[in-house]
Amino acid sequence: MILVAGSANLDFVVRAPHIPSPGETVMGHDFKTFPGGKGANQAVACARAGGVPTTMLLALGDDTFAQPLEASLAAAGVSMHIKRCKDLPTGTAFICVSDGGENAIMVAPGANTALLPADLPPLQGISHLVMQLETPLETVAAYADAARTSGVFVVLNAAPAQTLPAALLASLDVLIVNQGELAIVADHGGSVDECLARLQVPCVVVTLGSQGSCARVNGVVTRQAAFNIQPVDTTGAGDTFVGSFVACLAQGQDIATALKTANAAGALACLTAGAQSSIPTRSEVALFLSQHA
Ligand code: RIB
């Protein structure tokens, strides 16, 4: 079973001609809410990828924003360990999506900040732990250490990026980042290869947008081209990549297959509005791959 430990947010999304610059007011077109949060998006992506059951550890407020988040996870088939917070609101994210499909996101983490080291459920039956950085860094580090000690495969999506303690990096089996996050984690402004050379994690995966993705596994780099699509909304595409990639690994697939499948799932996630609402099922990804062989 895959355990995703991380954030859940209700996304408040406005579409607009362009993303506002500092001090600018932009008239948007429409407003919608969607279930989101990097952790919950990745849990839904794992579950929709199929093959291995998915469970999620998350913290929610005791409020109406929590209900659609629980409903979306349950509908995707994700079982839940919920820490219910009386004194903190459910996490929210405020997202502007441009007509070109790009986004800018601001998160009010709320209850996500309440996830503590002691909240980790027993790891019996867990093969893979997946985390992000929208929950406290000390908690992420403690979970990674506990998982490593129990022989659980540890995956960190370092988003939003920050400098990571050496002990956390040493507990990881897989680090997944985009190019900007790679530069922050590697603390280096050079090329992808130069940044990769500074990281000792056994497997580092980098998503490269229209350039596809690559993975360096024990010194060998595997590259996968992007699929050519016209994005409607890129929100959650990176999370979809992460969930799909881990689901492939958990089923014993090789790195090249996992990269290609995750690229396809991430591309499909760009074709529909919203985060969890846009995450494809296993059969949708299989059909897309058969059409883009
Ligand atoms: O990665 C996309 C997600 O980032 C959104 O769903 C938002 O909630 C923020 O966590």
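Keep in mind it's a predicted model, so treat the numbers as computed, not measured.

This next bit is on the sheet that holds strand 3 (residues 31-36). The strand order across the open sheet built from four strands is 3-2-6-7, with neighbouring strands paired in mixed fashion. Either end of the sheet is taken by a strand with one partner, and the two such strands are strand 3 and strand 7 (103-108). Put simply, the sheet's adjacent strands are angled 25° from each other on average, direction ignored. Two elements, strand 6 (residues 91-98) and strand 7, share six bridges in a ladder whose sense is antiparallel. Within strand 7, the position partnered with valine 97 by the bridge is asparagine 103. The strands that helix 2 (residues 66-76) touches are strand 2 (9-16) and strand 3; relative to strand 3, the one it contacts most, it runs at about 55°.

Turning to helix 5 (residues 179-186), a few remarks are in order. Every buried residue belonging to helix 5 is among Glu181, Leu182, Val185 and Ala186, and all of these are buried. With its buried residues spanning 125° around the axis, helix 5 presents them on a single face. Taken together, the buried residues of helix 5 touch strand 9 (153-157), helix 4 (166-170), strand 10 (174-178), helix 6 (192-197) and strand 11 (203-207). For helix 5, the N-terminal capping position is held by asparagine 178, with its side-chain oxygen 3.1 Å away from the main-chain nitrogen of glycine 180. One or two positions beyond helix 5, positive phi appears at aspartate 187, with a value near 55°.

Before going further, it helps to examine the site of the ligand. Near the ligand lie 13 residues; those nearest to it are Asp11, Gly37, Lys38, Glu134 and Asp239. In the model, an oxygen atom of the ligand is placed 3.1 Å from a nitrogen or oxygen of the asparagine 9 side chain. Burial of the ligand by the protein amounts to 96% of the accessible area it has alone, namely 280 Å². Tallied by class, the residues present in the shell around the ligand amount to four nonpolar, five polar and four charged.

Moving on to the side chain of threonine 55. In this structure, threonine 55 sits in strand 4 (residues 54-61). Of note is the side chain of threonine 55, whose polar atom sits 3.4 Å from the side chain of histidine 81. Not counting chain neighbours up to four residues away, the residues in contact with threonine 55 comprise Met1, Ile2, Leu3, Val4, Val78, Ser79, Met80, His81 and Ile126.

Here the focus is the sheet that holds strand 11. Pairing is mixed across the open sheet formed by nine strands, whose spatial order is 5-4-1-8-9-10-11-12-13. Looking at the sheet topology across the chains shown, the edges are occupied by strand 5 (79-85) and strand 13 (220-224). In this sheet, adjacent strand axes meet at a mean angle of 15° when their direction is disregarded. Against the sheet, helix 3 (residues 137-149) makes contact with strand 1 (2-5), strand 4, strand 8 (128-131) and strand 9, and its axis sits at roughly 170° relative to strand 8, the strand it touches most.

A cis amide bond links alanine 159 with the next residue in sequence, proline 160, at an omega value of -10°. Residue position: proline 160 is located in the loop between strand 9 and helix 4.

A word on the packing of helix 1 (residues 38-49) against helix 7 (residues 237-250). Interhelical geometry of helix 1 versus helix 7 gives an angle of 45° and a closest axis separation of 7 Å. As far as their axial angle goes, helix 7 and helix 1 are oblique. For helix 1 against helix 7, the interelement crossing comes out right-handed. Residues Lys38, Asn41, Gln42, Ala45, Cys46 and Ala49 of helix 1 form the contact with helix 7, whose own contacting residues are Asp239, Thr240, Val242, Gly243, Ser244 and Ala247. Classifying every residue of the contact of helix 1 with helix 7 gives five nonpolar, five polar and two charged.

Attention shifts here to the pairing of strand 6. Most of strand 6 sits inside the fold, with seven of its eight residues counted as buried. Note that strand 2 and strand 6 share eight bridges and pair parallel. In the strand pairing of strand 6, aspartate 11 is matched with alanine 93. Here strand 6 hands over to strand 7 after four residues, with glycine 101 in that stretch at a positive phi of 95°.

Overall, the coordinates contain zero disulfides when judged by the stated rule. Here cysteine 195 is not disulfide-linked; the sulfur of cysteine 214 is the nearest cysteine sulfur, at 11 Å. Judged by its relative accessible area of 2%, cysteine 195 falls in the buried class. Note on cysteine 214: no disulfide assigned, nearest cysteine sulfur contributed by cysteine 203 at a separation of 9.9 Å. Take cysteine 214: its relative accessible area is 1%, and that puts it in the buried class.

Mapped onto the elements of the fold, leucine 169 is located in helix 4. Overall, leucine 169 belongs to the buried group, its relative accessible area being 19%. Residues leucine 169 and glycine 151, spaced 18 residues apart in sequence, show a C-alpha to C-alpha distance of 16 Å. With residues up to four places along the chain from it excluded, the contact list for leucine 169 reads Leu164, Leu175, Val185 and Val201.

Conventions used here
Residues numbered from 1 in each chain as written. Predicted model: local features only at pLDDT ≥ 70, side-chain atom pairs only at ≥ 80, totals over all residues. Heavy atoms only, no water. Pairing = 2+ DSSP bridges. Helix = DSSP H or I, 4+ residues; strand = E, 2+ residues; numbered from the N terminus. Axes fitted to C-alpha atoms, helices over the stretch in contact; angles between N-to-C directions. Contact = heavy atoms within 4.5 Å. Buried < 20%, exposed > 50% of the residue type's maximum accessible area, 1.4 Å probe, protein only. Arc of directions from axis to C-beta. Polar contact = N/O pair within 3.5 Å; in protein donor to acceptor, adjacent residues only side chain to side chain. Near = heavy atom within 4 Å. Areas by Shrake-Rupley, 256 points an atom, 1.4 Å probe, with all protein chains shown as cover. Nonpolar A, V, L, I, M, F, W, Y, C, P; charged D, E, K, R; others polar. Parallel < 35°, antiparallel > 145°, perpendicular 65-115°, else oblique. Left-handed = near helix turned anticlockwise from the far one by under 90°. Disulfide = S-S within 2.5 Å.

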